[in-house]
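So you can see what is in the structure, the chains are spelled out below.
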Amino acid sequence: MLRFNDILDRLLAYHPNADTDLLRKAYVFSAKVHMGQVRLSGEPYLSHPLEVAGILTQLRLDVAAVATGLLHDTVEDTLTTLEEIRDYFGEEIAHLVDGVTKISKISLRPSEKDQAENFRKMILAMVKDIRVVLIKLADRLHNMRTLQYHSDEKQREIAQETLDIYAPLAHRLGIDWIKTELEDLAFKHLHPDLYEEIQKKIARKEKERSRYIDEVKRILMKKLYENQIEGEVTGRLKQIYSIYQKMKDQNIDLDQVYDITAFRVIVNTIKECYDVLGIIHSLWKPIPGKFKDYIGLPKENMYQSLHTAVIGPYGERIEIQIRTWDMHKIAEEGIAAHWKYKEGKPLDEEDDKRFSWLRQLLEWQRDLKDDVEFIETVKVDLFPNEVYIFTPKGEVKVFPAGATPVDFAYSIHSDVGHHCVGAKVNGKLVPLKYELKSGDTVEIITSPNQRPSKDWLKFVKTSRAKTKIRQWFKTEEREKSIALGKEILEKELKKYDLPLAKLIKSGEMLKVALEFSFQDVDDLVAAVGYGKLTANQILGKILPPEKLEQKEEKEEGRLKGLLRKIRRTGGRDAILIKGIDNVMVRYARCCNPVPGDKVVGFITRGRGVTIHTADCQNIMDDDPHRRVEVEWDSTKEYTYPVRIRIYSEDKKGLLAEITSSISSNEANITNASVNTTEDHKAIGLFELQVNDLNHLNKVIKGIERIKGVYRVERMRAELDSLGDSP
């Protein structure tokens, strides 16, 4: 078992001024809370955090990260709370421990290639500090080194997850040695027989391979010396997993894998890299298509080298990498290679250029000044425009930042979206406008009676959700408009003894539709329902003008006579009716108009003129000839009834706050009822007396400011049965 003093020595070797007291404190705390716990191997549990901390010193991370390595399992596997970690070790270490704990809790079992990529992105999206991912990689590496103590099934599950998620993450961050070891360990547990077969075949030729590697190294070192180039040459067998991949991709046996030997030449300057390339190509014949210049065109993870493959001594294929010492450090350690301590010295120009890819990836919020500051500025949002969400079955879906459960519902199916009434996020009910966060598990609750709300368009983010909601309303409105248009036309045509069905059957209505540039009769009828065309315009295409004029004059005279017979009995003078005085006025209960609303009058036999809002559906269905122009009389002051619906939490004292807010805005409550739901929400129906539309809006805004209120809406007749969820 690695000792604490070994970790301390490694840390002080690259960071002489490290806060060793903090590290000792973390070690003592971890030893205390893990006391009595034993790993499957039989070792004390403390051996694991010690090994993780040791790996982090190999990455040359700072004191906070190494201390987190000692503490990373305390919240998950002991009775320790995050608050205790924060109290003992401060906000930074608490943040790191919390990040590692959150990643450990999510279930990563991707089944498809694109899902694996989504999982990797989700891990990076969940953290704001890249050190969290590095600590998790160190944790996974040690767990893989001791994987043999798990059951066979568990070994395969963890190994596949490592191969799909963690090895590619290490590669993405440029930490090659962790990536290589994770791949070999995962392969060993996924395909133990094949791993052993490759290992044995390689071992049988080990002496022969060693002699061959030594010979190639001698040839290259001699050539470097002759050309006065100072450098180092190393040779090795390729990793077992890499050999397996080549066998699999090319569908060949191990005996047919010729380039299993790789060499590396490390020199001081970039110029020398290209000089060495020329020397190698003059020594041995290069293989066409196998040269890659990653110095001129570095990989996104900062990796730089020249790669070439040649026919080496005895006709054997060999691969050679050529790089400088700086490039080698980055290739081995990736991001961690920059976490050196220069005691506040600024970065030179070349170092600054080397960080350019990282600046783009990590969305720097401020300029980088030195390496110590780098540690403080790795709190980042790697994917600021995306969130990664779990379905209940463990699939990961990608959404734009700010996406809501409604977006999630429509991503599953249009019908799920249309009938969405609520959502559970991580097992808890949330409002439909809740903004999803990476790592959330979302479950949609549906009802066959639910319909989309136009309010959803205000907060959904995906184009799919917006399109489907608009399509739904467009389809519904078209169907309503066709039905309404038919009703209006049938009433008007009946006055002239013209059945609509007969006109459609004869093709007369199709001719009219084409004259108005519509494709079919339904489009024409829908236009009447929408109010884009009047019945009289259509009648004008069917009947002679003189017949229409006679009928209109007769109808106008009849309505004027009806108005003269109506006498005002009480009523209020807040409404002015164009051209008519002393008429009985009443206000429609279906839409409850108030001053400020656009209004229209409708003549009702025996009851005078009923005032509706101009967009009230009830008058859309009735005889347009009964409508009269009206307007509000601004010189009169009255109060008017209006109904509102309030969606809120079901909590003590909230009703009192709502009624107090209404009273403070000088509105009178004439009726109220509140119903509660099983998910601890409340729906309140209130009838108020207000002066006008501005007064009503003031009352609504006051209620909306109350904590615990989700939404307030003015009730219309057509909304009464919707039951929209907040």
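Residues numbered from 1 in each chain as written. Predicted model: local features only at pLDDT ≥ 70, side-chain atom pairs only at ≥ 80, totals over all residues. Heavy atoms only, no water.

S.K.: Explanation requested: helix α26 (residues 535–542) in the structure shown.
M.R.: Turning to α26, its buried residues number three or more, namely A535, I538, L539 and I542. Along the axis of α26, the buried residues cluster in a sector spanning 100 degrees; they form a single face. (Buried < 20%, exposed > 50% of the residue type's maximum accessible area, 1.4 Å probe, protein only. Helix = DSSP H or I, 4+ residues; strand = E, 2+ residues; numbered from the N terminus. Arc of directions from axis to C-beta.)

S.K.: Can you walk me through the packing of helix α22 (residues 463–494) against α26 in this structure?
M.R.: The description of two packed helices rests on the angle between their axes and on the distance between the axes. α26 packs onto α22 with a crossing angle of 50 degrees between their chain directions and a minimal axis gap of 10 Å. Taken together, the axes of α22 and α26 lie oblique to each other. For the element pair α22 and α26, the recorded crossing hand is right-handed. Residues I488, L489, E492 and L493 of α22 form the contact with α26, whose own contacting residues are A535, N536, I538 and L539. In the contact of α22 with α26, the residues fall into six nonpolar, one polar and one charged. (Axes fitted to C-alpha atoms, helices over the stretch in contact; angles between N-to-C directions. Parallel < 35°, antiparallel > 145°, perpendicular 65-115°, else oblique. Left-handed = near helix turned anticlockwise from the far one by under 90°. Contact = heavy atoms within 4.5 Å. Nonpolar A, V, L, I, M, F, W, Y, C, P; charged D, E, K, R; others polar.)

S.K.: So what exactly am I meant to see when it comes to the environment of A667 here?
M.R.: Tracing the chain through its elements places A667 in the loop between α29 (654–664) and β19 (668–676). Among the residues examined, A667 registers a relative accessible area of 7% and is labelled buried. Those residues in contact with A667 that lie beyond four places of it in its chain are I662, Q689, V690, H695 and V699.

S.K.: Sorry, what's going on with the packing of α22 against helix α25 (residues 521–530) here?
M.R.: Two elements in contact, α22 and α25, have axes separated by 6 Å at closest approach and are oriented at 85 degrees. Taken together, α22 and α25 sit at an angle that is classed as roughly perpendicular. Contacts between α22 and α25 involve K474, E477, R478, S481, I482, L484, G485, K486, I488 and L489 from the former and D522, D523, V525, A526, V528, G529 and Y530 from the latter. Here the residues of the contact of α22 with α25 are counted per class, giving eight nonpolar, three polar and six charged.

S.K.: Sorry, what's going on with the nonpolar core here?
M.R.: In globular proteins that are soluble, nonpolar side chains generally tend to be buried together. Residues L23, L56, I93, L137, M144, L182 and I198 are the most contacted members of the largest nonpolar core, which totals 69 residues. Here the element with the most residues in this core is helix α9 (residues 130–145); it accounts for nine residues. Within the second largest apolar cluster, 30 residues are counted, among which are V594, I658, I703 and V709. (Core = buried A, V, L, I, M, F, W, Y, C linked by side-chain atoms within 4.5 Å.)

S.K.: How should I be thinking about the packing of aromatic side chains in this particular structure?
M.R.: Each aromatic ring pair is specified by the distance between its two centres and by the angle formed by the two planes. Evaluated as defined, the whole model comprises 15 aromatic pairs. With 4.7 Å between their ring centres and 15 degrees between their planes, F4 and Y27 make a pair best called stacked. In this pair, F4 is assigned in helix α1 (residues 4–14) and Y27 in helix α2 (residues 20–33), connecting sequence segments 23 residues apart. Judged by relative accessible area, which is 8%, F4 ranks as buried. Measuring from centroid to centroid gives 5.7 Å for Y587 and Y640, while their planes differ by 80 degrees, and the two rings are edge-to-face. Here Y640 lies in strand β18 (residues 640–649) and Y587 lies in strand β13 (residues 585–587), a separation of 53 residues in the sequence. Each member of the pair, Y587 together with Y640, is buried. Among the aromatic residues, ring-to-ring pairing joins F187, Y195, Y241 and Y244 into one connected group. The ring of F89 has K25 lying over it, and the distance from NZ or CZ to the ring centre is 5.4 Å. Against the face of F473 rests K454, its NZ or CZ located 5.4 Å from the ring centre. (Phe/Tyr/Trp six-rings, centres within 6.5 Å; stacked < 30°, edge-to-face > 60°. Lys NZ or Arg CZ within 6 Å of the ring centre and 35° of its normal.)

S.K.: Mind showing me how you'd approach the environment of A13 here?
M.R.: Relative to the helices and strands, A13 is located in helix α1. Through-space distance from the C-alpha of A13 to that of T57 is 9.6 Å; in sequence the pair is 44 residues apart.

S.K.: Before we go on, may I ask you to explain the sheet that holds strand β16 (residues 627–628) in this structure?
M.R.: Think of a sheet as strands paired side by side through backbone hydrogen bonds, with each pair either parallel or antiparallel. The strand order across the open sheet built from four strands is β13-β15-β14-β16, with neighbouring strands paired in mixed fashion. At either end of the open sheet lies a strand with only one pairing partner, and these are β13 and β16. Strand direction decides the pairing type here: β13 and strand β15 (residues 608–613), joined by three bridges, are parallel. Along β15, the bridge assignment pairs Y587 with I611. (Pairing = 2+ DSSP bridges.)

S.K.: Any chance you could explain the sheet that holds strand β20 (residues 681–690) here in plain terms?
M.R.: Spatial strand order, β19-β20-β18-β21: four strands in an open sheet with antiparallel pairing. Each of the sheet's edge strands pairs with one partner strand only, and the pair in question is β19 and β21 (709–714). With strand direction ignored, the average angle separating the axes of adjacent strands in the sheet is 20 degrees. Pairing analysis gives eight bridges linking β19 to β20, with the strands arranged antiparallel. Residue A672 lies in a different strand from β20, and its bridge partner there is F686. Of the strands in this sheet, β18, β19, β20 and β21 touch α29, which is tilted by about 20 degrees from β20. Along the sheet face, helix α30 (residues 693–704) touches β18, β20 and β21 and points at about 165 degrees away from the line of β21.

S.K.: Help me out: how do you make sense of the side chain of S47 in this one?
M.R.: Note on placement: S47 falls in helix α3 (residues 47–58). Excluding residues that lie within four positions of it along the chain, S47 makes contacts with M1, R39 and H142.

S.K.: Explanation requested: the state of the cysteines in the structure shown.
M.R.: Note: disulfide means a covalent bond formed between the sulfur atoms of two cysteine side chains. Evaluation of the coordinates by the stated rule reveals zero disulfides. A disulfide-free cysteine, C590 has its sulfur positioned 3.5 Å from the sulfur of C616, the nearest such atom. Take C590: its relative accessible area is 15%, and that puts it in the buried class. (Disulfide = S-S within 2.5 Å.)

S.K.: What's the story with the environment of I577 in this structure? I'm lost.
M.R.: Note that I577 resides in strand β12 (residues 575–577). As for I577 and V609, which are separated by 32 residues in sequence, their C-alpha atoms are 8.9 Å apart.

S.K.: Looking at this structure, how should I read the pattern of salt bridges?
M.R.: Pairing of side chains with opposite charge becomes possible as their charged atoms draw close. All chains considered together, the criterion is met by 24 salt bridges. Its salt-bridge partner being E183, residue K179 comes within 3.6 Å of it at the nearest N-O pair. Taken as a pair, K179 and E183 lie in helix α11 (residues 176–190) at a separation of four residues, close to a single helical turn. Using a relative accessible area of 18% as the deciding quantity, one classes K179 as buried. By relative accessible area, which is 12% here, E183 ends up buried. Here R711 makes a salt bridge to E713, at a shortest N to O gap of 3.6 Å. (Salt bridge = Lys/Arg side-chain N within 4 Å of Asp/Glu carboxyl O.)

S.K.: Even after reading the chapter, I still don't get the pairing of strand β5 (residues 306–311), so can you show me in this structure?
M.R.: A regular strand places its side chains on the two faces of the sheet in alternate fashion. Counting buried positions along β5 yields five of six residues, so the element is predominantly enclosed. Inspection of the sheet shows strand β3 (residues 285–286) paired to β5 by two bridges, in the antiparallel sense. Residue pairing across strands places P286 opposite V310, the latter belonging to β5. Pairing analysis gives two bridges linking strand β4 (residues 292–293) to β5, with the strands arranged antiparallel. Bridging across to β5, K292 finds its partner in H307. Direction of pairing for β5 relative to strand β6 (residues 317–324): antiparallel, over a ladder of six bridges.

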